[in-house]
Amino acid sequence: MITYIVSPKKRKSQIDKNIYGHFSEHLGRCIYEGIFVGESSSIPNHYGMRDDVVNALKKIKIPVLRWPGGCFADEYHWKDGIGKKEDRKKMINTHWGGVVEDNSFGTHEFMKLCEILGCEPYINGNVGSGTVQEMAEWVEYISFGGMSPMSNLRKENGQENPWKIKYWGIGNENWGCGGNMRVEYYSDLYRQFATYVRNFDGNKIFKIACGPSDANYNWTKVLMENAGNLTDGITLHYYTFTNGWNDKGFALVMNESDFYSTLQKTLVMDELVTKHSAIMDTYDPEKRVALIVDEWGTWFDVEPGTNPGFLYQQNTMRDALVAGINLNIFNKHSDRVRMANIAQMVNVLQSVILTEGEKMILTPTYHVFEMYSAHQDATLVESFIDSGTTGTKDIVVPDVTESASVDALGNITMTFCNLDIHNEKEIETTLLDFNSTDITGEVLTGVMDAHNTFAKPTTVEKSRLKTIKKTKTGFLVTLPPCSIVKVVAKA
Ligand code: AHR
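Keep in mind that what you see is a predicted model, and the values were worked out from it rather than measured.

The rules we used
- Residues numbered from 1 in each chain as written.
- Predicted model: local features only at pLDDT ≥ 70, side-chain atom pairs only at ≥ 80, totals over all residues.
- Heavy atoms only, no water.
- Pairing = 2+ DSSP bridges.
- Helix = DSSP H or I, 4+ residues; strand = E, 2+ residues; numbered from the N terminus.
- Axes fitted to C-alpha atoms, helices over the stretch in contact; angles between N-to-C directions.
- Contact = heavy atoms within 4.5 Å.
- Core = buried A, V, L, I, M, F, W, Y, C linked by side-chain atoms within 4.5 Å.
- Buried < 20%, exposed > 50% of the residue type's maximum accessible area, 1.4 Å probe, protein only.
- Near = heavy atom within 4 Å.
- Polar contact = N/O pair within 3.5 Å; in protein donor to acceptor, adjacent residues only side chain to side chain.
- Areas by Shrake-Rupley, 256 points an atom, 1.4 Å probe, with all protein chains shown as cover.
- Phe/Tyr/Trp six-rings, centres within 6.5 Å; stacked < 30°, edge-to-face > 60°.
- Lys NZ or Arg CZ within 6 Å of the ring centre and 35° of its normal.
- Expected span 1.5 Å × (residues − 1).
- Salt bridge = Lys/Arg side-chain N within 4 Å of Asp/Glu carboxyl O.

Novice: Got a sec to walk through the sheet that holds strand 11 (residues 233–240)? Specific residues and values, please.
Specialist: Taken together, eight strands build a closed barrel; the order of strands is 2-5-8-9-10-11-12-13 and the barrel is parallel. Neighbour-to-neighbour, the strand axes of this sheet turn through a mean angle of 25°, independent of strand direction. Sitting on the sheet, helix 5 (residues 183–195) is in contact with strand 9 (167–170) and strand 10 (206–209), with an inclination near 160° to strand 10.

Novice: Explain the nonpolar core residue by residue, including any values.
Specialist: Within the largest apolar cluster, 120 residues are counted, with the highest numbers of intra-cluster contacts made by Trp168, Ile170, Trp296 and Ile484. Residue contributions to this core peak at nine residues, all from helix 8 (residues 317–332). In contact with Ile170, not counting residues within four places along its chain, are Gly125, Val127, Met135, Tyr186, Tyr190, Phe193, Ala194, Val197, Lys207, Ile208 and Cys210. Listed in part, the 24 residues of the second largest apolar core include Val381, Ile385, Val400 and Val487.

Novice: Help me get a handle on the sheet that holds strand 20 (residues 412–418), residues and values and all.
Specialist: The strand order across the open sheet formed by ten strands is 23-22-26-20-19-16-1-21-25-24, and the pairing between neighbours is mixed. What marks the edges here is a single partner per strand, and that holds for strand 23 (463–464) and strand 24 (468–470). Where strand 22 (residues 439–445) meets strand 26 (residues 483–489), seven bridges bridge the pair, whose relative direction is antiparallel. Note that in strand 26 the partner of Leu444 across the bridge is Ile484. Contacting strand 20, strand 22 and strand 26, helix 9 (residues 364–372) runs over the sheet at an angle of about 165° to strand 22.

Novice: Tell me what's going on with the site of the ligand, and back it up with residues and numbers.
Specialist: The local shell around the ligand holds 13 residues, among which Glu25, Cys71, Glu173, Tyr239 and Glu295 are the closest. Contact between the ligand and Tyr239: an oxygen atom at 2.7 Å from a side-chain N or O atom of the residue. Coverage of the ligand by the protein chains reaches 94% of its 280 Å² of free accessible surface.

Novice: Help me get a handle on the packing of aromatic side chains, residues and values and all.
Specialist: If you walk through the whole model with that rule in mind, you get 25 aromatic pairs. Centre to centre, the rings of Tyr186 and Trp219 are 5.8 Å apart; their planes meet at 25°, and the pair counts as stacked. Linking Tyr186 in helix 5 with Trp219 in helix 6 (residues 217–227), this pair joins segments that are 33 residues apart in sequence. Trp219 sits in the buried class, given a relative accessible area of 2%. Judged by centre distance (6.2 Å) and plane angle (55°), the rings of Phe241 and Trp299 are tilted. A residue pair is termed long-range when its members are at least 10 positions apart, and Phe241 in the loop between strand 11 and helix 7 (256–283) and Trp299 in the loop between strand 12 (290–298) and helix 8 qualify at 58 residues. Residues Phe241 and Trp299 agree in their burial class; the two are buried. Aromatic ring contacts, followed pair by pair, group Tyr32, Phe36, Trp67, Phe72, Tyr76, Trp78, Phe105, Phe110, Trp138, Tyr141 and Trp168 into a single cluster. Its end group placed over the ring of Phe23, Arg66 keeps NZ or CZ at 4.5 Å from the ring centre. Lying over the aromatic face of Tyr47, Lys112 brings its terminal NZ or CZ to 4.3 Å of the ring centre.

Novice: Any chance you could break down helix 8 for me, citing the residues and the numbers?
Specialist: Here helix 8 spans 23 Å end to end across 16 residues, near enough to the 22 Å set by a 1.5 Å rise per residue. Taking burial as the measure, the 16 residues of helix 8 include 15 buried ones, the bulk of the element. Looking at where helix 8 begins, the residue whose side-chain oxygen comes 3.0 Å from the main-chain nitrogen of Arg318 is Thr316.

Novice: I'd like a rundown of the pattern of salt bridges, residues and numbers included.
Specialist: By the definition in use, this model includes 22 salt bridges. Put simply, Asp52 and Arg50 hold a salt bridge, and the shortest N to O gap is 2.9 Å. In this structure, Asp232 engages Arg288 in a salt bridge whose closest nitrogen and oxygen atoms are separated by 3.4 Å. A residue pair is termed long-range when its members are at least 10 positions apart, and Asp232 in the loop between helix 6 and strand 11 and Arg288 in the loop between helix 7 and strand 12 qualify at 56 residues. Classification of Arg288 as partly exposed rests on a relative accessible area of 40%. One salt-bridge network, in which partners are shared between bridges, spans Asp281, Asp284, Lys287, Asp335 and Arg336.

In structure tokens form, the structure reads like this:
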């Protein structure tokens, strides 16, 4: 029996809803086919965005969406993606599969997508191959309402009023695909570009600098030292591979060792966030600057027979656990982590949705996002779990991870991941100074490689949890092997 204690009165940081954010790049079938099919498509759509995908995304309340990349961002020239579609430049997407990018999805289409999803747009500007002027003009085009060349151009293109834009990234992975820069050089460039990212007409931009990948602590240190005072957030990218970049494994092919190795790699996120945050603390003890994990998730070898440049992979219960573990980690670090964007939203890497022609399926990861959405904007509360370990002879991981929050109505949401593929876990929970007569739960479970297909779309679905028993001080709950469980205790 595992002991779990939650102290709803011991309130910690607010869990920014943007931790449940997403990322969509011009990569493979994410934007084209996955989201945007064009108005003349036979797939039901509004403004060219497919209705099935939009409706599914609305259900998980996506708060923020990052676009247009990724590595694509530092090759993207926004003026190619505005104006009449037939006049838009066609280019080769050199980074991702060498396919033709016809620019039919550009700034107007992205802003429309965010409007219909009801989420905040997060645009990642081009530093690697762009200019300061190009970025400054993009901000002016989007957010300036008065008379100016860019504002006039926007109006000519059919958008009379400026849009509001809050989140603006200044470069992506500039230590790699975004220019192979050294941090000293990038942080100077950041200072220069950021100067011209202006606030127009009361629009206040939250400027995001390209931060480190993985354990590159020196990048965080130098960036904070050189540009910390001019930024609102710095990014962190960390992907989960089965055994490492050179041994990514396949989404659907795994043995127990691969399964636990993947989870062990995922758990490293906690150490990365802790250590990068500690460096940030030395420059920014007030925690003004956010750590934004704007690329995370599993990265396996592509599904056999698909374009290697499209990064298309299936999604199993193992991915669901990766999502649940990471989201619990972000919740626990919500004093510093104020946005995270899973890579990527549809048809690329750890997607919540997969499409094939007119068909769409929801992945196990989708269900985790739906279950965890109760944490959005709630307050993290103190919790303690007396968990053990599981794994193989060589790979040892905790058997249960969790996080708990209290919402505006005083309800407690607790999310648990049972990493053990063979054994259920019984948890005896004490809710300190909290008496609830209404305690319910949901569960997502299956064997480690359980997944949904276009032929069998509902193999993995969440269901009501029947194993909760109320006790004098809280409740008893049984987590099935390899599961994600949410319990809500109403105030
Ligand atoms: O998400 C796929 C790629 O991973 C992104 O384009 C890049 O930023 C990262 O390396």
